[in-house]
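Results of the structural survey
Here is what each chain is made of, one letter per residue.
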Amino acid sequence: AQSVAQPEDQVNVAEGNPLTVKCTYSVSGNPYLFWYVQYPNRGLQFLLKYITGDNLVKGSYGFEAEFNKSQTSFHLKKPSALVSDSALYFCAVRAVPNDYKLSFGAGTTVTVRA
Amino acid sequence: EAGVTQSPTHLIKTRGQQATLRCSPISGHTSVYWYQQALGLGLQFLLWYDEGEERNRGNFPPRFSGRQFPNYSSELNVNALELEDSALYLCASSSGLAGFYEQYFGPGTRLTVT
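Below or above, wherever it landed, is the structure these notes cover. Just so you know, these numbers come straight off a predicted model, no measurement behind them. (Residues numbered from 1 in each chain as written. Chains lettered and ligands numbered in written order. Predicted model: local features only at pLDDT ≥ 70, side-chain atom pairs only at ≥ 80, totals over all residues. Heavy atoms only, no water.)

**As for the interface of chain B and chain A**
Tallying the contact residues gives 21 residues for chain B and 19 residues for chain A. Interface of chain B and chain A: buried area, both sides summed, is about 1600 Å²; carbon and sulfur atoms make up 59% of it. The tally of links between chain B and chain A comes to one salt bridge. If you look at where chain B meets chain A, you find four residue pairs in polar contact (both at pLDDT 80 or more). Contributions of two or more residues to the side of chain B that touches chain A are made by β4 (31–38), β5 (42–50), β9 (87–94) and β10 (104–105) of chain B. (Contact = heavy atoms within 4.5 Å. Buried area = accessible area lost by both parts, 1.4 Å probe. Salt bridge = Lys/Arg side-chain N within 4 Å of Asp/Glu carboxyl O. Polar contact = N/O pair within 3.5 Å; in protein donor to acceptor, adjacent residues only side chain to side chain. Helix = DSSP H or I, 4+ residues; strand = E, 2+ residues; numbered from the N terminus.)

Take a look at the structure:
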């Protein structure tokens, strides 16, 4: 079975400060890891993914994530947060090679204050 | 390139009725996934269709069903609606069977059961 944990329900940061959203995962085998963002009354938007290779992955809107196999983590980061980054963030995992559905974490609400 | 589209945006039904939700994937995408986002329950995988076949289903009762048409669009049917079926239903598509393909989500259909 595969699962994702996002230990923080909410993250609050000031605009211009670094933003980190935490994610840990549990799978048997090698994971494919994804981050999505959801704005109010909208669907999910793909931010970035880790498949293989470099542990630091860069994605859309200045976001990046670091894959750490020993800690089974895939934290999302942004060096300088914007008010417009305020949204609900989801980490998701897919266990390779046969399980094509995504298992999502519960989500983390990010609020960036001006 | 047009994204994933879903219709209707909102759907209000009475307990015991049937609901039909529709999804059109991104052009060229053959896989369609359905997810339920219910308050307090997070994102739950419902169904996966590829090349017209149901490939996998989540832990939902048989009254949740669907199909994929030759043009790869998909329909989700929910029979004998219950109050707890009220949720945002998200459709996603991806371009292949390989697990590293990210899923792109539509804006969702908000189903309200009264």
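**A short note on the pattern of salt bridges**
If you walk through the whole model with that rule in mind, you get ten salt bridges over all chains. Here aspartate 85 of chain A and lysine 78 of chain A are joined by a salt bridge, their closest N and O atoms 2.9 Å apart. Here the two residues aspartate 85 of chain A and lysine 78 of chain A agree in accessibility, since each one is buried. Glutamate 75 of chain B serves as the salt-bridge partner of arginine 22 of chain B, at 3.8 Å between the closest nitrogen and oxygen. Of this pair, arginine 22 of chain B sits in strand β3 (residues 19–24) while glutamate 75 of chain B sits in strand β8 (residues 74–78); the two residues are 53 residues apart in sequence, bridging distant segments of the chain. Of the residues examined, glutamate 75 of chain B reaches a relative accessible area of 9% and is grouped as buried. Here the salt bridges do not stand alone but share partners, grouping Arg22, Arg67 and Glu75 of chain B into one network. (Buried < 20%, exposed > 50% of the residue type's maximum accessible area, 1.4 Å probe, protein only.)

**Quick look at the pairing of strand β8 (residues 64–68) of chain A**
All names here are of chain A. Examined bridge by bridge, strand β7 (residues 56–58) and β8 share three bridges and lie antiparallel to one another. Looking across to β8, one finds that valine 57 is bridged to alanine 65. Between β7 and β8, which follow one another and run antiparallel, lie five residues, and tyrosine 61 among them has a positive phi close to 60 degrees. Relative to strand β9 (residues 73–78), β8 runs antiparallel, the two sharing five bridges. Along β9, the bridge assignment pairs glutamate 64 with lysine 77. The turn joining β8 and β9, which pair antiparallel and follow one another in sequence, is formed by four residues; a positive phi near 45 degrees is taken by threonine 72. (Pairing = 2+ DSSP bridges.)

**Some thoughts on the nonpolar core**
Residue and element names in this part refer to chain A. Ranked by size, the top nonpolar core spans 28 residues in total, and within it Leu19, Trp35, Leu47, Leu48, Phe74, Leu76 and Tyr89 carry the most contacts. Within the residue set of this core, elements represented by two or more residues are β2 (10–14), β3 (19–21), β5 (31–38), β6 (44–50), β8, β9, β10 (87–95) and β12 (108–113). Here this core gets five residues from one element, more than from any other, and that element is β10. (Core = buried A, V, L, I, M, F, W, Y, C linked by side-chain atoms within 4.5 Å.)

**A word on the sheet that holds β8 of chain B**
Residues and elements named next belong to chain B. Taking strand neighbours across the sheet as the criterion, the four strands line up as β1-β3-β8-β7 in an open arrangement whose pairing is antiparallel. The sheet is open, and its two edges are formed by β1 (5–7) and β7 (64–68), each paired on a single side. Taken over all neighbouring pairs, the strand axes of this sheet differ in orientation by 20 degrees on average, direction set aside. Taken together, the five bridges between β3 and β8 define a ladder with antiparallel strand orientation. Counted as the bridge partner of arginine 22 is glutamate 75 from β8. (Axes fitted to C-alpha atoms, helices over the stretch in contact; angles between N-to-C directions.)

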